[in-house]
Amino acid sequence: MPAPVQSSDPFVPEIYRVGAVRRELADVVTIEIEPESGGRPDFLPGQFNMLYAFGIGEAAISISDETKHGGGFVHTIREVGAVSRALAAMEVGASLGLRGPFGTAWPVAEAEGSDVVVVAGGLGLAPLRPAIEALLARRERYGQLAILVGCRTPEAILYRHELEQWRQRLDIDIEVTVDHASTDWHGNVGVVPSLIRRVAFDPDDTLAYVCGPEVMMRFTASALHEAGVATDKVYLSMERNMKCAVGLCGHCQFGPSFVCKDGPVMRFERISPIFAMREI
Amino acid sequence: MTIETIGQILAKHPFFAEFQPEHVELVAGCARNVRFNPGEYLTREGGPADRFFLIRHGMVSLEVATPGRAPIVVTTLREGEIVGASWLAPPYRSMFDARAVELTRAISIDAECLRKKCEKDHYFGYEMMQSVLRVLVKRLQATRMQILDVYGE
Ligand SMILES: Cc1cc2nc3c(=O)[nH]c(=O)nc-3n(C[C@H](O)[C@H](O)[C@H](O)COP(=O)(O)OP(=O)(O)OC[C@H]3O[C@@H](n4cnc5c(N)ncnc54)[C@H](O)[C@@H]3O)c2cc1C
Ligand code: FES
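Residues numbered from 1 in each chain as written. Chains lettered and ligands numbered in written order. Predicted model: local features only at pLDDT ≥ 70, side-chain atom pairs only at ≥ 80, totals over all residues. Heavy atoms only, no water.

(A) Molecular detail of the overall build of chain A. Looking only at helices and strands, one finds six helices and 17 strands in chain A. Here the C-alpha radius of gyration of chain A, 18 Å, is about what a compact globule of 280 residues would show, namely 19 Å. With the C-alpha coordinates aligned to their principal axes, the bounding extent of chain A is approximately 45 × 45 × 40 Å. Partitioning the contacts of chain A with sequence separation of at least 6, the portion at a separation of at least 24 is 71%. Carbon and sulfur atoms form 49% of the exposed surface of chain A, whose accessible area is close to 11900 Å². (Helix = DSSP H or I, 4+ residues; strand = E, 2+ residues; numbered from the N terminus. Rg over C-alpha atoms; globule rule 2.2 N^0.38 Å. Contact = heavy atoms within 4.5 Å. Areas by Shrake-Rupley, 256 points an atom, 1.4 Å probe, with all protein chains shown as cover.)

Now the structure itself:
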């Protein structure tokens, strides 16, 4: 797994400005932000930033893309509490603080020569998008590539436009499924792990990237295992409440690991013994 | 070009992957090829569960009718999956509408014929029950995850 990339001073937020805002879903907004001065730090697919809504607080938000000319970050935010609501309500020109990028990345280079299965649930597609873009940018270096997306309803499909664009390519398998639908929807209905048996890959030579709610990741890891993918080839992105984001405060502890520095992307083999423990 | 027999088609279907060849032949005696155009029903909720299907190509949705609204889709099934389990236990009534969403080719298996063979050869019957149960357990797990509403938007 690539080493985490650290910003210059991880405790001092840099000032960023909102360059564009796009509403994705009823409760999900994408913002594009650019540094007020200087360039933005490098990032790896799967990493996150701590976004600071002044006077309200900070939240860990995954990097879902870079801005068109590469000068800034794109973040997709679900409104769940005070910070995420304040971030989602920002208008073009508003300023915010940013620390990061932090954390581990999806093993994109390590997957060269292998098949890759990407499984996203709900907003879990956001941190996977840069990994998908990286795989597609060097498509010839990978074997079979499958992208499996699950969400609650057809109205809750995130990044519909990107999914449609990826679907036009003949060199990837894309399947989307929803948990709940009426007959107006003509696609798959059912949970996302059930798509795993529908796509072609060699289980002995496949890496899987999984991101979504924890229950969905548990079911998916078990379906991958059943399909023959070894647990050391399955990577999950974990979520825990964060404060410092640099492995000092212990807020994000997950068993013996800290999600902010040992994660968020973690090998399933490493976390499977504690993954199912209720008290963790 | 050689035309595959029903027995050969069944033997290649994932549902029968672990069946003994002679048991696949037993099933073949109760099976025939069928085809459904989009919108046609394989089973109707409350109707007799006198057949079950192995999907070869296409997509079938399991639906529950709701008064005054579009039916709710419980799940969709594709190539390699089976449609129908109610043929196994009395009162042998289908629990869902099963509708072809796309042109669907399937193998239809006569339930009464199969039940008789299961009764006659309990070893075969056990193999059949185990296979259907495996599918049902997976679907139950999936339904639980659906009910949990994990995306919680
Ligand atoms: C590594 C990492 C990456 C993340 N990436 C993203 C991202 O790209 N986009 C994004 O929107 N969020 C992301 N999150 C989640 C985000 O950091 C939290 O939701 C954060 O708590 C939001 O802060 P808040 O003040 O708005 O809500 P809080 O006040 O912390 O929470 C408010 C309420 O919402 C509930 N809640 C918290 N988080 C969630 C959730 N994820 N889903 C549903 N309910 C929740 C809490 O239980 C609480 O009841 C990420 C978290 C981590 C650890
Ligand atoms: S957030 Fe402080 S240790 Fe991880």
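(B) Region of the structure containing the interface of chain B and chain A. Facing the 24 residues of chain B at the interface are 29 residues of chain A. The junction of chain B with chain A conceals about 2300 Å² of combined surface from both sides, 55% of it contributed by carbon and sulfur atoms. The tally of links between chain B and chain A comes to four salt bridges. A salt bridge links R198 of chain A to E81 of chain B; the shortest N-O distance between them is 3.1 Å. For the pair chain B and chain A, the interface holds 13 residue pairs in polar contact (both at pLDDT 80 or more). Breaking the side of chain B that touches chain A down by element, the ones donating at least two residues are β4 (59–66), β5 (69–78) and α4 (122–148) of chain B. Per-element tally for the side of chain B that touches chain A: the top contributor is β5 of chain B, with nine residues. Relative to β5 of chain B, strand β11 (residues 181–182) of chain A runs antiparallel, the two being bridged by two bridges. Across the sheet, A181 of chain A pairs through a bridge with V73 of chain B, a residue of β5 of chain B. (Buried area = accessible area lost by both parts, 1.4 Å probe. Salt bridge = Lys/Arg side-chain N within 4 Å of Asp/Glu carboxyl O. Polar contact = N/O pair within 3.5 Å; in protein donor to acceptor, adjacent residues only side chain to side chain. Pairing = 2+ DSSP bridges.)

(C) Region of the structure containing the sheet that holds strand β8 (residues 104–110) of chain B. Residues and elements named next belong to chain B. Pairing is antiparallel in the open sheet, where four strands are placed in the order β1-β8-β3-β6. Every other strand in the sheet has two partners, leaving β1 (31–36) and β6 (82–83) as the edge strands with one partner each. Looking at chain direction, strand β3 (residues 51–57) and β8 are connected through six bridges and run antiparallel. In the strand pairing of β8, R51 is matched with D110. Against the sheet, helix α3 (residues 111–120) contacts β3 and β8, and its axis sits at roughly 50° relative to β8. (Axes fitted to C-alpha atoms, helices over the stretch in contact; angles between N-to-C directions.)

(D) Spotlight on the pairing of strand β6 (residues 73–78) of chain A. All names here are of chain A. Where burial is concerned, most of β6 is hidden: six out of the six residues are buried. Here β6 shows no split at all, with F73, H75 and I77 on one side and V74, T76 and R78 on the other all buried. Judged from the two bridges that link them, strand β5 (residues 65–66) and β6 form a sheet pairing that is antiparallel. Pairing of E66 across the sheet is with F73, part of β6. (Buried < 20%, exposed > 50% of the residue type's maximum accessible area, 1.4 Å probe, protein only.)

(E) Layout of the state of the cysteines. All names here are of chain B. Enumeration over the complete set of coordinates arrives at one disulfide over all chains. Shown here is the disulfide that connects C30 with C113, its sulfur atoms set 1.9 Å apart. Between C30 and C113 the sulfur-sulfur dihedral comes to about -70°; the bridge is accordingly left-handed. Within this pair, whereas C30 is found in the loop between α2 (21–28) and β1, its partner C113 is found in helix α3, the two being separated by 83 residues in sequence. Relative accessible area serves as the criterion here: at 7%, C30 is assigned to the buried category. (Disulfide = S-S within 2.5 Å.)

(F) Region of the structure containing the sheet that holds strand β7 (residues 95–102) of chain A. Strand order in the open sheet formed by seven strands is β4-β3-β7-β1-β2-β6-β5 (chain A), with antiparallel pairing between adjacent strands. Whereas interior strands pair on both sides, the edge strands pair on one side only; in this sheet they are β4 (57–62) and β5 of chain A.

(G) Region of interest: the packing of aromatic side chains. Here the structure, examined in full by the defined rule, presents eleven aromatic pairs over all chains. Centroid distance F43 of chain A to F73 of chain A: 5.9 Å. Interplanar angle 65°. Geometry classified as edge-to-face. With F43 of chain A in the loop between β2 (28–35) and β3 (48–53) and F73 of chain A in strand β6, the pair connects residues that are 30 residues apart, well separated along the chain. Taking relative accessible area as the criterion, F73 of chain A reaches 0% and is therefore assigned buried. Each residue in the set F15, F16, F19, F52 and W87 of chain B is aromatic and connected to the rest through ring pairs, giving one cluster. Over the face of the ring belonging to F73 of chain A we find R40 of chain A, whose NZ or CZ atom lies 5.4 Å from the ring centre. (Phe/Tyr/Trp six-rings, centres within 6.5 Å; stacked < 30°, edge-to-face > 60°. Lys NZ or Arg CZ within 6 Å of the ring centre and 35° of its normal.)

(H) Expanded view of the packing of helix α2 (residues 125–137) of chain A against helix α3 (residues 160–168) of chain A. All names here are of chain A. Look at α2 against α3: their axes get within 13 Å of each other, and the N-to-C directions meet at 30°. Comparing the axis directions of α2 and α3 gives the class roughly parallel. In the packing of α2 onto α3, the handedness of the crossing is left-handed. Contacts from L125, R129, I132, E133 and L136 in α2 reach E162, L163 and W166 in α3. Classifying every residue of the contact of α2 with α3 gives five nonpolar, no polar and three charged. (Parallel < 35°, antiparallel > 145°, perpendicular 65-115°, else oblique. Left-handed = near helix turned anticlockwise from the far one by under 90°. Nonpolar A, V, L, I, M, F, W, Y, C, P; charged D, E, K, R; others polar.)

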